[in-house]
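# Observations on the three-dimensional arrangement
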Amino acid sequence: MQPQSRRDAGITALVLGFFGSAWFSWGGANPPGWLTPLLIIASYVSLAVAVVGAIVGFRAPKSTAAIRDRESGKRYGIIVGIEFGLAGVGAAILGVTGQAAYIPVWICAVVGVHFIPLAPVLKDRLLVPLGVVVTAVAVVALIVGLTTDVEPSTITGVGAGLALLTVATVELVSTLVRGKDSTAAVTDA
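Residues numbered from 1 in each chain as written. Predicted model: local features only at pLDDT ≥ 70, side-chain atom pairs only at ≥ 80, totals over all residues. Heavy atoms only, no water.

### What to know about the overall build of the protein
Looking only at helices and strands, the protein features 7 helices and 0 strands. For the protein, the succession of helices and strands along the chain, N to C, is α-α-α-α-α-α-α. Overall size of the protein, expressed as C-alpha extent along the three principal axes, is 60 × 35 × 20 Å. The buried share of the protein, taken over its 189 residues, is 44%. Within the protein, counting contacts between residues at least 6 apart in sequence, those at least 24 apart form 76% of the total. Looking at the protein as shown, the accessible area adds up to about 9,800 Å², and 72% of this sits on carbon and sulfur atoms. Distance from the positive charge centre (12 side chains) to the negative charge centre (10 side chains) of the protein: 12 Å. (Helix = DSSP H or I, 4+ residues; strand = E, 2+ residues; numbered from the N terminus. Buried < 20%, exposed > 50% of the residue type's maximum accessible area, 1.4 Å probe, protein only. Contact = heavy atoms within 4.5 Å. Areas by Shrake-Rupley, 256 points an atom, 1.4 Å probe, with all protein chains shown as cover. Lys, Arg positive; Asp, Glu negative; His and termini not counted. Charge placed at Lys NZ, Arg CZ, Asp CG, Glu CD.)

What follows is the structure in structure tokens.
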């Protein structure tokens, strides 16, 4: 795969930064006291990355985006729709059966897996390792939740938040270092 366009890297940083902040916040549901300030700081850093990503992404030409035609938009919509459906159904089942503490584990697993089919649609090679890491975080959170007193949401919040923030930052920094897209320069001319 070619490097992401400036638009795609910016939008990826926006989305991953936003959701990284959400995961850090979810991790703050019942963490050890020493972790709370770190989660708050990480959440704000994630939001800052999201804002810079939005500025970079929305200033780049639409014509350079991976999803610029109906077919890729449809595939993206199907993948995200399935993700939301599975996350919602699984969360409802866990809630009804008295296992609400494991809802973050389920959602983390679904989110992790959904990155794998999104990688070719978004033409982003980093989404595959991100998917593997986020899915592994869900497995670790399940094991820790079953064997210790640590809340699964703490593990998923820290793990998924860090994974998303890391990839968002890498995407953003790499596109800023690379400079303006060659395709954007042709399109702008």
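### With respect to the packing of aromatic side chains
For the structure on display, the rule yields 2 aromatic pairs. Arranged with centres 5.1 Å apart and planes meeting at 85°, the rings of Phe18 and Phe19 form a pair that is edge-to-face. The class for Phe19 is partly exposed, based on a relative accessible area of 40%. Measuring from ring centre to ring centre gives 5.1 Å for Trp23 and Trp26, while their planes differ by 25°; the resulting arrangement is stacked. Of this pair, Trp23 and Trp26 are both found in helix α1 (residues 6-27), 3 residues apart, which corresponds to roughly one turn of the helix. A relative accessible area of 6% means that Trp23 is categorised as buried. (Phe/Tyr/Trp six-rings, centres within 6.5 Å; stacked < 30°, edge-to-face > 60°.)

### Looking at the environment of Glu83
As for its position among the elements, Glu83 is in helix α3 (residues 70-96). Residue Glu83 is classed as buried on the basis of its relative accessible area, which comes to 11%. Along the chain, Glu83 and Val111 lie 28 residues apart, while their C-alpha atoms are 6.9 Å from each other. For Glu83, the residues in contact, after removing those within four places along its chain, are Val110, Val111 and His114. There is a polar contact of 3.4 Å between the side chain of Glu83 and the side chain of His114. (Polar contact = N/O pair within 3.5 Å; in protein donor to acceptor, adjacent residues only side chain to side chain.)

### What about the nonpolar core?
Ranked by internal contacts, the top residues of the largest apolar core, which has 38 residues, are Leu16, Ile107, Cys108, Phe115, Leu127, Leu130 and Val134. Elements represented by at least two residues in this core include exactly α1, α2 (36-59), α3, α4 (103-122), α5 (127-147) and α6 (152-178). Of all the elements, α4 adds the most residues to this core, at 11 residues. The contacts of Val134, once residues within four sequence positions are left out, are Cys108, Val111, Gly112, Phe115 and Ala163. (Core = buried A, V, L, I, M, F, W, Y, C linked by side-chain atoms within 4.5 Å.)

### A word on the packing of α2 against α6
Orientation of α2 relative to α6, taken along the N-to-C sense of each, is 35°, at an axis distance of 10 Å. In terms of crossing hand, the pair formed by α2 and α6 is left-handed. On α6, the residues that touch Leu39, Ala42, Val45, Ser46, Val49, Val52, Gly53 and Val56 of α2 are Val158, Leu165, Ala168, Thr169, Leu172, Thr175 and Leu176. Partitioned by chemical class, the residues of the contact of α2 with α6 number 11 nonpolar, 4 polar and no charged. (Axes fitted to C-alpha atoms, helices over the stretch in contact; angles between N-to-C directions. Left-handed = near helix turned anticlockwise from the far one by under 90°. Nonpolar A, V, L, I, M, F, W, Y, C, P; charged D, E, K, R; others polar.)

### Quick word on unusual backbone geometry
Residue Lys123 is not a glycine yet carries a positive backbone phi of 55°. Taking the relative accessible area as the measure of exposure, Lys123 reaches 42% and is therefore partly exposed.

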